[in-house]
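Below, each chain spelled out in residue letters.
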Amino acid sequence: MTALLALAITSLVGCGSADTTRIVGVQRTPAIEVGAVSLPEVTNSDTGSPFNFWADSGSLLVVYFGFTNCPDLCPTTLADLRTARKRIGSTADIVDLALITVDPVRDTAEVLRSYAGSFATRFHVLRTTDLHALATVETAFLASSSVTTLADGTVSVSHTASAYVVDSTGRVLVEWPFGIGAKGMENDLRILIKQLKESTS
Amino acid sequence: MITRRTLFAAAVGSLLLVSCGKSSDNNNGLTVANAWARQSPSATSFGAIYFDITSKDADTLVSVSVPASVAKMAQLHEMVAVSAATDTTMAGGTTDTTIAGGMNGEMVMQHVDKIELPAGATVSLKPGGYHVMLMELAKPLAVGDTIELTLTFGSGKTLALKVPVQETAP
């Protein structure tokens, strides 16, 4: 009887609340390793030091491929990340952001820095016009993109819409497909931050 | 003999009628909910408007417009997986760069001529799907602003909306 009651309670808990101990993003086995690739980082004073895809020690790095003339996917994902970090509070200060432009012709360094600053206080913007270098990095993340000028002169950009959370060894811990939302990101970041703190304490 | 059940059914029926009649009177059988425009990030001249729309009769949403004080142009757009996208090269475009070849979750935005509105069904314009794209914004969209959006339908109906600019979806 007690066992039955316990089972019933467990079931109720399972149904009634979301499981906050499980990652909702995609975790690949084996994990993708991206620490071996780099792209030039654009800063106010420097326009080209290589940035490697690993987080600082004790941090997590969120990586996103996008472009600033993107009205829908990019601002949705980046605003969701901003909301998730805000909800988590100061412990989310360890979450860093790397924004890579897939449209380097139109996205200048200045435009990129201004854009990224709308979504994060801690960020890196990465830009190269060397398309082989960009392709190498996209391949490492299993991502892709293209820029097409249409007959009417408008520019159509396609890109992988996922975001990636990378650890300090360059391993992709979680991949967030488009649409995971602020709630999914918050859930995963809380778990990853906890795991990181436990592993370093 | 009038039973309690009949009375109840009649009451529900009249409520439904009132609610249908009201939206019909105001909006020609069109109901729009949860309309919002995204606050502009810095350094972009593009924007998007989202809403849920229900038409009492089968119809199509064929065009959208905003005043020049908001943006130079507004169009109906849709995000689609690259494999499902209309081949833009076929439409006379030239691909400038293709990087790493379409392996994972690649999406592209495309212009759509119309959005089908089946009778009584709610169609959502939402991130990652259909949206109204604003091009060449006159100024960045700021929280607190309101955009006048006019929808035109295949039936000839039009509907004017006031869309609030927000940080996130309502």
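Residues numbered from 1 in each chain as written. Chains lettered and ligands numbered in written order. Predicted model: local features only at pLDDT ≥ 70, side-chain atom pairs only at ≥ 80, totals over all residues. Heavy atoms only, no water.

Draft legend 1. Expanded view of the overall build of chain B. Tallying secondary structure elements over chain B gives one helix and eleven strands in all. Written out in order from the N terminus, the α and β elements of chain B read α-β-β-β-β-β-β-β-β-β-β-β. Long-range pairs, those at least 24 residues apart, make up 73% of the contacts in chain B between residues at least 6 apart in sequence. Element-wise, carbon and sulfur atoms account for 56% of the exposed surface of chain B, whose accessible area totals about 9,200 Å². (Helix = DSSP H or I, 4+ residues; strand = E, 2+ residues; numbered from the N terminus. Contact = heavy atoms within 4.5 Å. Areas by Shrake-Rupley, 256 points an atom, 1.4 Å probe, with all protein chains shown as cover.)

Draft legend 2. Here's a closer look at the pattern of salt bridges. Enumeration over the complete set of coordinates arrives at 14 salt bridges over all chains. Where Lys86 of chain A meets Glu167 of chain B, a salt bridge forms, and the shortest distance between an N and an O atom there is 3.3 Å. Of this pair, Lys86 of chain A sits in helix H2 (residues 73-88) while Glu167 of chain B is found in the segment after strand S11 (158-166), placing the two residues in two different chains. On the basis of relative accessibility, which here comes to 56%, the residue Lys86 of chain A falls in the exposed class. (Salt bridge = Lys/Arg side-chain N within 4 Å of Asp/Glu carboxyl O. Buried < 20%, exposed > 50% of the residue type's maximum accessible area, 1.4 Å probe, protein only.)

Draft legend 3. Layout of the sheet that holds strand S1 (residues 38-42) of chain A. All names here are of chain A. The mixed open sheet is built from seven strands, whose spatial order is S2-S1-S5-S4-S3-S8-S9. Looking along the sheet, the strands with just one partner apiece sit at the ends: strand S2 (47-52) and strand S9 (172-176). For this sheet, the mean angle separating the axes of adjacent strands, direction not counted, is 35°. Judged from the five bridges that link them, S1 and S2 form a sheet pairing that is antiparallel. Considered in S2, the bridge of Val42 is made with Thr47. Across the sheet, helix H3 (residues 109-116) is in contact with S1, strand S4 (95-101) and strand S5 (123-126); its angle to S5 comes to roughly 150°. (Pairing = 2+ DSSP bridges. Axes fitted to C-alpha atoms, helices over the stretch in contact; angles between N-to-C directions.)

Draft legend 4. Examining the nonpolar core more closely. Phe53, Val63, Phe65, Ile100, Phe141 and Trp176 of chain A are the most contacted members of the largest nonpolar core, which has 64 residues in total. Of the residues forming this core, the biggest block, seven residues, is contributed by H2 of chain A. Apart from the residues lying within four places of it in its own chain, the contact partners of Phe65 of chain A are Ile100, Val102, Val137, Glu138, Phe141, Ala143, His159, Thr160 and Tyr164 of chain A. Grouped together as the second largest cluster of nonpolar side chains are 30 residues, Phe51, Val123, Leu159 and Val163 of chain B included. (Core = buried A, V, L, I, M, F, W, Y, C linked by side-chain atoms within 4.5 Å.)

Draft legend 5. Region of interest: unusual backbone geometry. The omega angle of the peptide bond from Thr29 of chain A to Pro30 of chain A is -5°, so this bond is cis rather than trans. Mapped onto the elements, Pro30 of chain A comes out in the loop between helix H1 (2-16) and S1. Despite not being glycine, Leu142 of chain A shows a phi value in the positive range, around 60°. Secondary-structure assignment places Leu142 of chain A in the loop between helix H4 (131-140) and strand S6 (145-149). The class of Leu142 of chain A is partly exposed, set by a relative accessible area of 31%. One non-glycine residue, Ala43 of chain B, adopts positive backbone phi at about 65°. Note on placement: Ala43 of chain B falls in the loop between strand S1 (30-38) and strand S2 (46-55).

Draft legend 6. Structural context of the packing of aromatic side chains. Residue and element names in this part refer to chain A. The full count for this structure, using the stated rule, is seven aromatic pairs over all chains. Where Phe53 meets Phe141, the ring centres are 5.3 Å apart and the plane angle is 85°; that geometry is what we call edge-to-face. Of the two residues, Phe53 sits in the loop between S2 and strand S3 (60-66) while Phe141 sits in the loop between H4 and S6, which places them 88 residues apart along the sequence. Here Phe53 matches Phe141 in class, with each residue buried. A ring pair is formed by Tyr115 and Phe119, whose centres lie 5.4 Å apart and whose planes are at 65°; its orientation type is edge-to-face. (Phe/Tyr/Trp six-rings, centres within 6.5 Å; stacked < 30°, edge-to-face > 60°.)

Draft legend 7. Just the state of the cysteines, in detail. Residue and element names in this part refer to chain A. Throughout the structure, instances matching the rule amount to one disulfide over all chains. There is a disulfide in this structure between Cys70 and Cys74, and the S-S distance comes to 2.3 Å. Judged by the sign of its S-S torsion, about 95°, the cystine formed by Cys70 and Cys74 is right-handed. Look at Cys74 and you get buried, because its relative accessible area is 1%. (Disulfide = S-S within 2.5 Å.)

Draft legend 8. Expanded view of the side chain of Asp167 of chain A. Structurally, Asp167 of chain A can be placed in the loop between strand S8 (163-166) and S9. A polar side-chain atom of Asp167 of chain A sits 2.8 Å from a polar atom in the side chain of Thr169 of chain A. (Polar contact = N/O pair within 3.5 Å; in protein donor to acceptor, adjacent residues only side chain to side chain.)

Draft legend 9. Focus on helix H5 (residues 181-200) of chain A. All names here are of chain A. With 20 residues, H5 extends 28 Å between its outermost C-alpha atoms, agreeing within 8% with the 28 Å of an ideal straight helix rising 1.5 Å per residue. Of the residues making up H5, those classed as buried are Gly181, Ala182, Gly184, Met185, Glu186, Asn187, Asp188, Leu189, Ile191, Leu192, Ile193 and Leu196. Against the buried residues of H5 lie S3, H2, S4, S8 and S9. (Expected span 1.5 Å × (residues − 1).)

Draft legend 10. A look at the environment of Thr128 of chain A. All names here are of chain A. With respect to the element layout, Thr128 can be found in the loop between S5 and H4. Exposure remark for Thr128: the relative accessible area of 10% places this residue in the buried category. Considering only alpha carbons, one finds Thr128 and Val102, 26 residues apart in sequence, at a separation of 8.8 Å. Leave out the neighbours within four places in its chain, and Thr128 touches Leu39, Pro40, Pro104, Ala133 and Leu134. Within the local environment of Thr128, its side chain forms a polar contact with the backbone nitrogen of Asp130, the two atoms lying 3.0 Å apart.

Draft legend 11. Examining the interface of chain A and chain B more closely. Taken together, the 42 residues of chain A in the interface contact 40 residues of chain B. Three residues, Pro71, Asp72 and Ser144 of chain A, lead the burial of chain A against chain B; their summed loss comes to 18% of the area buried on that side. Inspection of the region where chain A meets chain B yields two salt bridges. For Glu167 of chain B, the salt bridge is made with Arg82 of chain A, and the minimal N-O distance between the two is 3.7 Å. If you look at where chain A meets chain B, you find ten residue pairs in polar contact (both at pLDDT 80 or more). Here the side of chain A that touches chain B takes seven residues from H2 of chain A, the largest share from any one element. Taken together, the residues of the side of chain A that touches chain B sort by class into 20 nonpolar, 16 polar and six charged. (Buried area = accessible area lost by both parts, 1.4 Å probe. Nonpolar A, V, L, I, M, F, W, Y, C, P; charged D, E, K, R; others polar.)

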